[in-house]
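Chains, contacts and geometry: an overview
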Amino acid sequence: QVQLVESGGGLVQAGGSLRLSCAASGSISSINRMGWYRQAPGKQRELVASITSGASTNYADSVKGRFTISRDNAKNTVYLQMNSLKPEDTAVYYCNALVVTLVGFTRNYWGQGTQVTVSS
């Protein structure tokens, strides 16, 4: 089993910053890709940013220049630094990891989600 535990969400005023963290634990051999998705009320879940084990990154156009994704491979942890937050960034943010387990399976795992609310 693999668990993803997120932290760092909360309430912030527009223009402020938050840093999300997601730590993976359990039967992990390696993690290929880690990422953050978000889902606002009434909308589909969308990719915010992703990062490979080689540190290649990908961002949604709406967050480019404001958000930065990073990871600590030794800790199986991914971070999302969010600056210049806007009310439209309000959503539940989910951590995602493509994990190679100790028994050799490659599976996609999700965290439980953390709420980010940006007030205007």
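Below: a short report on this structure. Given the structure is predicted, the values throughout are model-derived calculations rather than measurements. (Residues numbered from 1 in each chain as written. Predicted model: local features only at pLDDT ≥ 70, side-chain atom pairs only at ≥ 80, totals over all residues. Heavy atoms only, no water.)

**Notes on the pairing of strand E10 (residues 106-110)**
- One ladder, built from five bridges, connects strand E9 (residues 91-101) with E10; its direction is antiparallel. The residue bridging Asn96 from the neighbouring strand is Trp110, located in E10.
- In sequence, E9 turns back onto E10 through a hairpin of four residues, with Gly104 there showing a positive phi of about 95°. (Pairing = 2+ DSSP bridges. Helix = DSSP H or I, 4+ residues; strand = E, 2+ residues; numbered from the N terminus.)

**Overview of the sheet that holds strand E8 (residues 77-82)**
- Across the sheet, which stays open at both edges, the four strands sit in the order E1-E3-E8-E7 with antiparallel pairing between neighbours. Here the strands that pair on one side only, and so sit at the sheet edges, are strand E1 (2-7) and strand E7 (67-72). In this sheet, adjacent strand axes meet at a mean angle of 15° when their direction is disregarded.
- For E7 and E8, the ladder comprises six bridges, and the chain directions are antiparallel. Across the sheet, residue Thr68 finds its bridge partner in E8, namely Gln81. (Axes fitted to C-alpha atoms, helices over the stretch in contact; angles between N-to-C directions.)

**Remarks on the nonpolar core**
- Ranked by internal contacts, the top residues of the largest apolar core, which has 30 residues, are Trp36, Val48, Phe67, Val78, Leu80, Met82 and Tyr93.
- Contributing elements (two or more residues each) for this core: E1, strand E3 (18-26), strand E4 (28-39), strand E5 (46-52), E7, E8, E9 and strand E11 (114-119).
- Considering every element that reaches this core, the biggest residue donor is E9, with five residues.
- Those residues within four positions of Val78 in sequence are excluded, and the remaining contacts are Leu20, Ser21, Cys22, Met34, Trp36, Ile51, Ile69, Ser70, Arg71 and Cys95. (Core = buried A, V, L, I, M, F, W, Y, C linked by side-chain atoms within 4.5 Å. Buried < 20%, exposed > 50% of the residue type's maximum accessible area, 1.4 Å probe, protein only. Contact = heavy atoms within 4.5 Å.)

**Quick word on the state of the cysteines**
- A full pass over the atoms with the stated rule returns one disulfide.
- Each sulfur of the disulfide joining Cys22 and Cys95 lies 2.1 Å from the other. Judged by the torsion about the S-S bond (-80°), the Cys22/Cys95 disulfide is left-handed. With Cys22 in strand E3 and Cys95 in strand E9, this pair connects stretches of sequence that are 73 residues apart.
- What makes Cys95 buried here is its relative accessible area of 0%. (Disulfide = S-S within 2.5 Å.)

**Brief notes about the pairing of E5**
- Note: E4 against E5, six bridges, orientation antiparallel. The partner of Trp36 across the bridge, within E5, is Ala49.
- In this structure, the hairpin formed by E4 and E5 is closed by a connection of six residues, where Gly42 is found at a positive phi of approximately 80°.
- Bridge count between E5 and strand E6 (residues 57-59): three bridges; the pairing is antiparallel. Residue Ser50 lies in a different strand from E6, and its bridge partner there is Asn58.
- As consecutive antiparallel partners, E5 and E6 are separated by four residues, and within that stretch Ala55 has a phi angle of approximately 75°, a positive value.

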